[in-house]
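Structural features, examined
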Amino acid sequence: METLIQMENIGTSVLRNISLDVKKGEIITLIGSSGSGKSSLLMLFNRLNDPDEGTITYRGKSLQNYQITYLRKSMGMVFQTSSLFDGTVRDNLAYGPKIFQEWEEQMGEELLKNVQLPISYLDRNVEELSGGEQQRVALARTLANRPEILLLDEVTSALDLRNIELIEEFLVSLVPTSVRAILMVTHDVNQARRLGDRTFFMEEGEVIEKGETQTLFDNPQTEQLQYFLKE
């Protein structure tokens, strides 16, 4: 499989000696207890933070060689809270594409259909939406930029089971036709098992164990992961 991102020997004030790769067509899940460094790692991919040491390449080029706007368009990030702007759903969906002169009115309807929201929501104020609906709009807003990679930070942790199911089904449908890969931080081990092709287990800023998700969970090699899975 084609390698999209390569991290080698990454270090920050929080992370130590991280090496990993992201390949086309896969969903990678990052698991570990709170404070283990999962979100800090995720934010390196689109340069919300930069490492103190090590290298990160995207399609064979250093992240430093890309314009920030291009990089964040190519690697769209969605957070635990939807972080929508004030205004209508349409305003939010159009924001990114308008920066790049790529917005077309029919995109709004397509994006809402993708996340199973009524087209009539386009002109609704985002404050009128439920938490689950807001999170689906946040996903649609990120996808409006046509990212190659999705970076997801606990995107379902505050949602009810029905919205979790909807978003998980949607994410699986995206790869690799709409996006090339997904990196997903999750506190939910069962979610990682359901979605992850590969999983990285982190503790105290280090990747302790990694591998194919099913194998990792069925046969953990380290005491740390064995303990974590029993919690």
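Refer to the structure printed above.
To keep things clear, this report deals only with the structure shown in the data block. Predicted model only: the values in this text are computed from it and were never measured.

Backbone torsion omega between Val175 and Pro176 reads 0 degrees, so that peptide bond is classified as cis. Its place among the elements puts Pro176 in the loop between helix 6 (161-174) and strand 8 (181-185). For Arg59, which is not glycine, the phi torsion reads 50 degrees and is therefore positive. Structurally, Arg59 is set in the loop between strand 4 (53-58) and strand 5 (61-62). Judged by relative accessible area, which is 38%, Arg59 ranks as partly exposed. A positive phi angle, close to 50 degrees, is found at Glu204, a residue other than glycine. Residue position: Glu204 is located in the loop between strand 9 (198-203) and strand 10 (206-212).

With that out of the way, let us pick up the packing of aromatic side chains. Tallying each qualifying case throughout the model produces four aromatic pairs. Considering the side-chain rings of Tyr58 and Tyr66, the 5.3 Å spacing of their centres and the 45 degrees angle between planes classify their relative orientation as tilted. Across the pair, exposure class does not vary: Tyr58 and Tyr66 are buried alike. Between Phe201 and Phe228, the ring centres sit 5.2 Å apart and the planes meet at 40 degrees, which makes this aromatic pair tilted. Highlighted residues: Phe201 in strand 9 and Phe228 in helix 9 (residues 223-230), separated in sequence by 27 residues.

Looking now at the pairing of strand 3 (residues 27-31). Of all five residues in strand 3, five are buried, a share of seventy percent or more. Across four bridges, the pairing between strand 3 and strand 8 is parallel. Bridging across to strand 8, Ile27 finds its partner in Ile182.

Taken together, the side chains of Phe85, Tyr95 and Ile99 make up a nonpolar region of the molecular surface, amounting to roughly 300 Å² of accessible area. Locating Phe85 in the fold gives a position in the loop between strand 6 (75-78) and helix 3 (89-99). Assessed through its relative accessible area of 36%, Phe85 is described here as partly exposed.

Glancing now at the nonpolar core. Side chains of nonpolar character tend, in soluble globular proteins, to be buried together. In this structure, Leu93, Leu112, Leu150, Leu152, Leu171, Leu174 and Ile182 are the most contacted members of the largest nonpolar core, which totals 36 residues. At the level of elements, helix 3, helix 4 (106-114), helix 5 (131-143), strand 7 (149-153), helix 6 and strand 8 are the ones that each hand at least two residues to this core. The residues contacting Ile182, other than those within four sequence positions of it, are Glu26, Ile27, Ile28, Leu150, Leu152, Leu171 and Val175. Counting residues in each nonpolar core, the second largest holds 28 residues, with Ile5, Ile10, Leu20 and Leu183 among its members.

All right, on to the sheet that holds strand 9 then. Overall, mixed pairing links the six strands, which are arranged 6-7-8-3-9-10 in an open sheet. One side of each edge strand has no neighbouring strand; the edge strands of this open sheet are strand 6 and strand 10. Adjacent strand axes in the sheet meet at a mean angle of 15 degrees, parallel and antiparallel pairs treated alike. Relative to strand 10, strand 9 is paired through six bridges, and the arrangement is antiparallel. Residue pairing for strand 10: Phe201 is matched across the bridge by Glu209. Where helix 5 meets the sheet, its contacts fall on strand 6 and strand 7, and the angle it forms with strand 6 comes to roughly 170 degrees. With respect to the sheet, helix 9 is in contact with strand 3, strand 9 and strand 10, its orientation differing from that of strand 9 by roughly 100 degrees.

Moving on, we get to the layout of surface pockets. Its volume calculated, the largest pocket comes out at about 520 Å³. Arg72, Met77, Arg141, Thr142 and Asn145 are the residues nearest the centre of the largest pocket, which is lined by 22 residues in total. Looking at the lining of the largest pocket, the elements with two or more residues in it are helix 2 (68-74), strand 6, helix 3 and helix 5. For the lining of the largest pocket, the leading source of residues is strand 6, giving four residues. When the residues that make up the lining of the largest pocket are grouped by side-chain class, the tally is ten nonpolar, nine polar and three charged. Computed from the structure, the second largest pocket encloses a volume of approximately 250 Å³.

Cut-offs used in this document
Residues numbered from 1 in each chain as written. Predicted model: local features only at pLDDT ≥ 70, side-chain atom pairs only at ≥ 80, totals over all residues. Heavy atoms only, no water. Helix = DSSP H or I, 4+ residues; strand = E, 2+ residues; numbered from the N terminus. Buried < 20%, exposed > 50% of the residue type's maximum accessible area, 1.4 Å probe, protein only. Phe/Tyr/Trp six-rings, centres within 6.5 Å; stacked < 30°, edge-to-face > 60°. Pairing = 2+ DSSP bridges. Patch = residues over 30% accessible without salt bridge, like charges linked within 9 Å, V, L, I, M, F, W, Y side chains within 5 Å. Areas by Shrake-Rupley, 256 points an atom, 1.4 Å probe, with all protein chains shown as cover. Salt bridge = Lys/Arg side-chain N within 4 Å of Asp/Glu carboxyl O. Core = buried A, V, L, I, M, F, W, Y, C linked by side-chain atoms within 4.5 Å. Contact = heavy atoms within 4.5 Å. Axes fitted to C-alpha atoms, helices over the stretch in contact; angles between N-to-C directions. 1 Å grid on protein atoms, 1.4 Å probe; cavity = no way out; pocket = protein on both sides within 12 Å on 5 of 7 lines; lining within 4 Å. Points joined across faces, edges and corners; volume = space filled by probe spheres on them. Nonpolar A, V, L, I, M, F, W, Y, C, P; charged D, E, K, R; others polar.

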